[in-house]
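Chain by chain, the residues:
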Amino acid sequence: MASEAQLQADLHSAMKARAMDKVYVLRGLIAAIKNLKVEKHSATAADADIAALVRKEINKRVEALEFARQASRADLIESNEREKLLLEAYLPQQLSAEALGDLIAQLASELGTTQIGPLMAKLRERHAGQFDGKLASELIRQLAAK
């Protein structure tokens, strides 16, 4: 998982290497972290918050990719895919669908409920940034339907 110090160091090395795509992406991410710290009146950002911001930036790129594909803009498709891959390197290792399903089943038995709200909250608390939220909610719905 990426820390703020690691992001700053990577930005510095990207600036030295004149890797402008990486510089722009990291500057945007660092600015989002600074905004979050101001919003929360905190001196530091938690790793879970940084992972959530990285995930949010990735989702922006995915959405932009869809629009670029609809417009048949090969240059924008390539650019957004590069940025998405760059950002994915800063996320922790993602849980597989099978491991996530097992984890959800374990949490459901631990909490004694199959309601989506409490399960997602506990899942975010323990494994922030390690799973896809859409997949997790789908797996919870499947578990509740059983």
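K.L.:
What is the right way to look at the packing of helix H6 (residues 116-127) against helix H7 (residues 133-145) in this model?
P.N.:
Geometrically, a packed helix pair is captured by the angle between its two axes and the distance between the axes. As a packed pair, H6 and H7 sit with axes 10 Å apart at the nearest point and diverge in direction by 135 degrees. With respect to each other, H6 and H7 are oriented oblique. For H6 against H7, the interelement crossing comes out right-handed. On the side of H6, the interface is formed by Ile116, Leu119, Met120 and Leu123, while H7 contributes Gly133, Ala136, Ser137, Ile140 and Arg141. Looking at the contact of H6 with H7, its residues break down into six nonpolar, two polar and one charged.

K.L.:
Would you mind showing me how to read helix H3 (residues 47-70) here?
P.N.:
Think of an α-helix as 3.6 residues a turn; residues three or four steps apart then line up on the same face. In this model, H3 (24 residues) spans 35 Å end to end at C-alpha, consistent with the 34 Å of a helix rising 1.5 Å per residue. Every buried residue of H3 is accounted for by Ile50, Ala51, Leu53, Val54, Glu57, Ile58, Arg61, Leu65 and Ala68. Elements in contact with the buried residues of H3: helix H1 (4-17), helix H2 (20-40) and helix H4 (74-88). One or two positions beyond H3, positive phi appears at Ser72, with a value near 55 degrees.

K.L.:
What is the right way to look at the layout of surface pockets in this model?
P.N.:
Vacant regions in the atomic arrangement are exposed by a probe of water-molecule size rolled over the atoms. Put simply, the largest pocket is a space of about 400 Å³. At the level of secondary structure, the elements contributing two or more residues to the lining of the largest pocket comprise H3, H4, H6 and H7. At seven residues, the largest contribution of residues to the lining of the largest pocket is made by H3. Grouping the constituent residues of the lining of the largest pocket by class yields eight nonpolar, three polar and six charged.

K.L.:
Explain the packing of helix H5 (residues 97-111) against H6 here, please?
P.N.:
It is at 10 Å that the axes of H5 and H6 come closest, and there the two elements cross at 115 degrees. Crossing geometry of H5 relative to H6 is assigned as right-handed. For the pair H5 and H6, the contacting residues are Leu100, Leu103, Ile104, Leu107, Ala108, Glu110 and Leu111 in the first and Pro118, Leu119, Lys122, Leu123, Arg126 and His127 in the second. When grouped by side-chain class, the residues that make up the contact of H5 with H6 number nine nonpolar, one polar and three charged.

K.L.:
Explain unusual backbone geometry to me, please; I cannot follow it from the model alone.
P.N.:
Most peptide bonds are trans, and most residues other than glycine sit at a negative phi. A positive phi angle is found at Arg18, which is not glycine, with a value near 60 degrees. Tracing the backbone shows Arg18 in the loop between H1 and H2. Unlike most non-glycine residues, His41 shows phi in positive territory, near 55 degrees. Checked against the element boundaries, His41 lands in the loop between H2 and H3.

K.L.:
What should I look at first to understand the environment of Arg82 in this one?
P.N.:
With respect to the secondary-structure elements, Arg82 resides in helix H4. By relative accessible area, Arg82 is classed as partly exposed at 38%. Separated by 34 residues in the primary sequence, Arg82 and Ile116 have C-alpha atoms spaced 34 Å apart. Polar contacts involving the side chain of Arg82 include one to the side chain of Asp21, which spans 2.9 Å.

Parameters at a glance
Residues numbered from 1 in each chain as written. Predicted model: local features only at pLDDT ≥ 70, side-chain atom pairs only at ≥ 80, totals over all residues. Heavy atoms only, no water. Axes fitted to C-alpha atoms, helices over the stretch in contact; angles between N-to-C directions. Helix = DSSP H or I, 4+ residues; strand = E, 2+ residues; numbered from the N terminus. Parallel < 35°, antiparallel > 145°, perpendicular 65-115°, else oblique. Left-handed = near helix turned anticlockwise from the far one by under 90°. Contact = heavy atoms within 4.5 Å. Nonpolar A, V, L, I, M, F, W, Y, C, P; charged D, E, K, R; others polar. Expected span 1.5 Å × (residues − 1). Buried < 20%, exposed > 50% of the residue type's maximum accessible area, 1.4 Å probe, protein only. 1 Å grid on protein atoms, 1.4 Å probe; cavity = no way out; pocket = protein on both sides within 12 Å on 5 of 7 lines; lining within 4 Å. Points joined across faces, edges and corners; volume = space filled by probe spheres on them. Polar contact = N/O pair within 3.5 Å; in protein donor to acceptor, adjacent residues only side chain to side chain.

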